[in-house]
Amino acid sequence: MFVCPSAEHPYSHLIDTLKDGRIKFFNPQKLNDPRYDKLPLSIRILLEAAVRNCDGFYTKKEDVQNLLDWQQQQNKAEVPFSPARILLQDFTGIPAMVDLAAMRDAVAKHGVDPSLVNPKCPTDLIVDHSLQIDYSKWCEAHSVEASGVRVVKLPAVTLQPPLGRPPASVQQIENTPLLCPFHLKPADQWCSKAFKNVNVVPPDVGAVHQVNMEYLSRVVQVCDGFIYPDSVVGTDSHTTMINGLGILGWGVGGIESEAVMLGQPVSLTLPQVVGCKLVGNINPLTTSIDIVLGITKHLRQAGIAGKFVEFFGPGVSQLSAPDRTTIANMCPEYNATVSFFPVDQVTLKHFKKTNFTQEKLELLESYMKAVKLFRSYEDPSEDPEYSEVIEINLSSMVPYVSGPKRPQDRVAVSNMKEDFQSCLDEKVGFKGFHISKEKQETRIPFLHCGQEYQLAHGSVVIAAVISCTNNCNPSVMLTAGLLAKKAVEAGLVVKPYIRTSLAPGSGMVTHYLSTSGVLPYFSQLGFEVIGYGCATCVGNTAPLPEGVVDAIKQGDLVACGVLSGNRHFEGRLCDCVRANYLASPPLVVAYAIAGTVGIDFEKEPLGVTSEGKEVYLHDIWPSREEVQQIEEDTVISSIFKDLRGRMEKGNTFWNNIDCPDSVLFPWDHKSTYIRSPCFFSKLSKEVPPPQSIECAHALLFLGDKVTTDHISPAGSIARVSAAAKYLLSKRLTPREFNSYGARRGNDAVMTRGTFASIKLQNRFIGKSGPKTLHIPSGQTLDVFEAAERYQRDGIPLIILAGKDYGSGNSRDWVAKGPYLLGVRAVIAESFEKLHKNQLVGMGIMPLEFLPGQNADSLELSGKERFTIVLPDSLSPRQQLTVKTSQGKSFLVTALFDTDMDVIFFQHGGLLRYVARTLL
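What counts and how
- Residues numbered from 1 in each chain as written.
- Predicted model: local features only at pLDDT ≥ 70, side-chain atom pairs only at ≥ 80, totals over all residues.
- Heavy atoms only, no water.
- Helix = DSSP H or I, 4+ residues; strand = E, 2+ residues; numbered from the N terminus.
- Areas by Shrake-Rupley, 256 points an atom, 1.4 Å probe, with all protein chains shown as cover.
- Buried < 20%, exposed > 50% of the residue type's maximum accessible area, 1.4 Å probe, protein only.
- Pairing = 2+ DSSP bridges.
- Right-handed = clockwise from strand over helix to strand, strands pointing away.
- Core = buried A, V, L, I, M, F, W, Y, C linked by side-chain atoms within 4.5 Å.
- Domains from an automatic or database assignment.
- Contact = heavy atoms within 4.5 Å.
- Axes fitted to C-alpha atoms, helices over the stretch in contact; angles between N-to-C directions.
- Parallel < 35°, antiparallel > 145°, perpendicular 65-115°, else oblique.
- Left-handed = near helix turned anticlockwise from the far one by under 90°.
- Nonpolar A, V, L, I, M, F, W, Y, C, P; charged D, E, K, R; others polar.
- Lys, Arg positive; Asp, Glu negative; His and termini not counted.
- Salt bridge = Lys/Arg side-chain N within 4 Å of Asp/Glu carboxyl O.

What follows covers the overall build of the chain. Looking only at helices and strands, the chain features 30 helices and 34 strands. When the accessible surface of the chain is summed, it comes to about 34000 Å², and 49% of that surface belongs to carbon and sulfur atoms.

What follows is the structure, encoded as structure tokens:
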């Protein structure tokens, strides 16, 4: 956000000019402080924002000095950061807009002008981020994709008989615009009409990460005659992708994003910055995903959680801009806050291919050099000082996949067959499935489309080529496409029962796949474009054929999914597919053709043609030179111009949507997608005094590694779940349930969906499932039903957990859901930082056991009643006493990192705090 500075601005003397005085900027070099040249470039961006936004209230001169003194203040001082813009995707962006609409209602009831509830920071809402796949291998001969590319069904193959035209009711049941009235186009619909500074990106453009890079990224912003660095926080953990273009950005919760939208800066502890020095030369056969996974492994082992990573060294120049964004995207996997690549000539070359004019490129380069945010990686004299340095040799990278249950478990492709066998042998755990020796050779025959096939352990039943985050790099998608082309030309096929799909991150990807001539070959192998957004990664794959499911169950088979995404926790793709591997797009195609992960590509043929000829992977793998030539010929500026045109044009259906024209949103009480949430009920002008939590019961007793998938699932709504019972009561059929992601604007559904994961391991129950023990009655109930009983009886709730509570994707309902269930505190051994911030933002206390302590060491059964004593005055990182009904007491640390955290908690959460500032 930016407010034109006045003459009284404390740093007005730092204002400098470019372009003959027509463009102004704050020049930190005019501080004449030698510490500036030694700062990491990511810290220089934070410093510039602090100087520019210094108002004496949210940002003070003390904050500027702390940033200059980064070497001494890292990991100590708290500093504010006001990003240039906000990025919202549908899963968290839609609820954010719902919350703002509800906040308008709340302040209006107090006689305040509701239009004051309005984003102060430019906000982009991406509609097409999450998709649900209802059909596989179905394509109409005359369908036209969003990119304008006609998809032709090739007559040479009929992979699965069409089921007929999908009924209009498949995607949405309600007679409302798309998912809800907030999916709107600027100037036509309520969201962008009612709120200032909101830009809605229409459907059929691309997933949030791709649109952010291809259309929204600016590197520098120019506003009111001032130029300053582009920066962004987004409601998705993979917002970090943008750091590959020299734009500082990271993921925040939907709750925090709403605060920034309303004028609150992000508060962060001044981070340590790890310098990642890249040396060596890249092997020609190594794909960008191999580089990504190799660097991810190094950084994960380095223990850099919560730190900034900044890349430098001569090896960086070998990485293209897409390579860098691919690496930056993986931040959530090694728990860094950002992985930053400062702007250099490679960055400028990338933007020259996109929608940047020569004049803008010259302005960008002049400004970045003027404030020393431009790098020459070959010049070591420009290297800043870092908290520590990690050196990685690029020549050591070889092809890997990750799995079968966790992204950090990497397997060299050359060892894949042997590793999968060991997974069958090992006891059930992070990798093992414990299949007895006599059952490992099991083969189950089944019929599909009138033909008999066999499934065995390791059989591939899901193969998804995805290009949105860690596989957005055009080179890997073109490699996959060329591999498909060579495979078809060699006479290879993919078995028709395998659920194949192609999910380009944007129309741009479809465009260059078509222009390069490889898209028809993808289709001929069954990889048809299903749309733009998250699908297989979040469990939205089409149902497997009944014969496949029956065979898997009959043989208790460890069936496999292979995808080029970035998430594949056990059971996430499909509950009957136990082994899931992350792989590069060409390897997804290769394993789909092979039909099994139990193959040694170096020694065994990929397949056999109808003439009986054996074809090996090396026979059809395209050369690096071949891929680079096609990339150069197809990924050109015209593609970005096409994207801009589709952004501005939208589509006919979208443009014709009617919407209300009012300051307050007219809620439809019949809607099962959108409801006014109750976060502002009983909102008073006065801040209530701190209240101790007395005689609370534990709603859940959880172990380690509880992810956001466990807390707030994003996939389909199970027919026997509490959310299903609610929807059935609204006269919807199971086919009309849709997914939790689609219904994130309905608090009634999402509260019932909290802790509804079939993989939830609750120690009260002893087996996985969305159940818990209602302690007073001794009954086993759905989590929601138990919480409802506790609330009815006026009993506060807590949650007991182990290490890494809340890891995974950023979702606001992982905090909103527990809040509405009546959870007042979570006591855990450790928290994922982003989720911890979300809990604070909803007024839930994140409490950490003291080092060396946990529920087991304290001999807690979880069935005690807990009292947490709050003092009259709370302070950051304060220790609190927890007393149990069994006479025990122990200390915990309240994870309020800043004074603002304490204020948010005292107000009952960030939303109520912001609302009170308007009363």
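With omega at 10°, the peptide bond leading from Gly403 into Pro404 counts as cis. Counting through the fold element by element, Pro404 comes out in the loop between strand S16 (400–402) and strand S17 (410–412). Despite not being glycine, Asn32 has its phi angle at roughly 55°, a positive value. Backbone geometry at Asn335 places phi at a positive 65°, although glycine is not the residue there. When you line up the elements, Asn335 lands in the loop between helix H10 (331–334) and strand S14 (338–340).

We now examine the pairing of strand S30 (residues 823–828). Most of S30 sits inside the fold, with 5 of its 6 residues counted as buried. Here S30 runs beside strand S31 (residues 845–849); their pairing, made up of 4 bridges, is parallel. What sits directly across from Ala828, in S31, is Glu848. Viewed along the sheet, the connection from S30 through helix H28 (residues 833–841) into S31 turns out right-handed.

Attention now goes to the nonpolar core. Counting 212 residues, the largest nonpolar core has Trp250, Phe311, Leu699, Phe755, Tyr805, Met845 and Ile868 as its most contacted members. The element contributing the most residues to this core is helix H4 (residues 90–109), with 9 residues. Two domains share this core, each providing at least three of its residues, namely domain 1 (12–81) and domain 3 (693–918). Sequence-distant contacts of Tyr805, defined by excluding residues within four places in its chain, comprise Leu702, Val706, Ile711, Phe755, Ile799, Val826, Ala828, Ser830, Phe831, Glu832 and His835. Formed by 75 residues, the second largest nonpolar core is a distinct cluster that contains Phe446, Tyr453, Met508 and Val548.

Viewed as axis vectors pointing N to C, helix H14 (residues 474–489) and helix H15 (residues 507–515) meet at an angle of 45°, and their least axial separation amounts to 11 Å. The orientation of H14 with respect to H15, classified from their angle, is oblique. Remark: the crossing between H14 and H15 carries right-handed chirality. Of H15, the residues touching H14 (which contributes Pro474, Met477 and Leu478) are Val509, Tyr512 and Leu513. Its residues placed into classes, the contact of H14 with H15 shows 6 nonpolar, no polar and no charged.

Attention now moves to the sheet that holds S14. Read from one edge of the open sheet, 4 strands run S14-S13-S12-S15, paired in parallel fashion. Unpaired on one side and paired on the other, S14 and strand S15 (388–393) mark the two borders of the sheet. For this sheet, the mean angle separating the axes of adjacent strands, direction not counted, is 25°. By the bridge criterion, 3 bridges tie strand S13 (residues 308–312) to S14 in an arrangement that is parallel. Pairing of Glu310 across the sheet is with Phe340, part of S14. Packing against the sheet, helix H1 (residues 41–52) makes contact with strand S12 (273–279), S13 and S14, and its axis sits at approximately 125° to S13.

This part is about the environment of Cys331. If you trace the backbone, Cys331 turns up in helix H10. Classification of Cys331 as buried rests on a relative accessible area of 0%. Placed 31 residues apart in sequence, Cys331 and Arg300 show a C-alpha to C-alpha distance of 9.6 Å. When residues no more than four places from it in sequence are discounted, the contact partners of Cys331 are Thr240, Ala336, Thr337, Val338 and Ser339.

We now examine the side chain of Glu256. Structurally, the position occupied by Glu256 is in helix H7 (residues 254–261). Although Glu256 is buried, it forms no salt bridge, and the closest oppositely charged side chain is Lys836 at an N-O distance of 7.6 Å. Setting aside chain neighbours within four positions, we find Glu256 in contact with Leu834, Asn837 and Leu910.

Tallied over the entire structure, the rule returns 29 salt bridges. For Arg578, the salt bridge is made with Asp556, and the minimal N-O distance between the two is 3.0 Å. Pair noted here: Arg578 is in the loop between strand S22 (560–563) and strand S23 (579–582) and Asp556 is in the loop between helix H17 (546–555) and S22, with a separation of 22 residues, a long-range link. Between Arg763 and Asp856 there is a salt bridge; the shortest N-O distance is 2.7 Å. Residue Arg763 is found in the loop between helix H25 (747–753) and strand S27 (771–774), and its partner Asp856 is found in the loop between S31 and strand S32 (866–868); the two are separated by 93 residues along the sequence. Via salt bridges that share partners, Asp99, Glu258, Asp812 and Lys816 belong to a single interconnected network.

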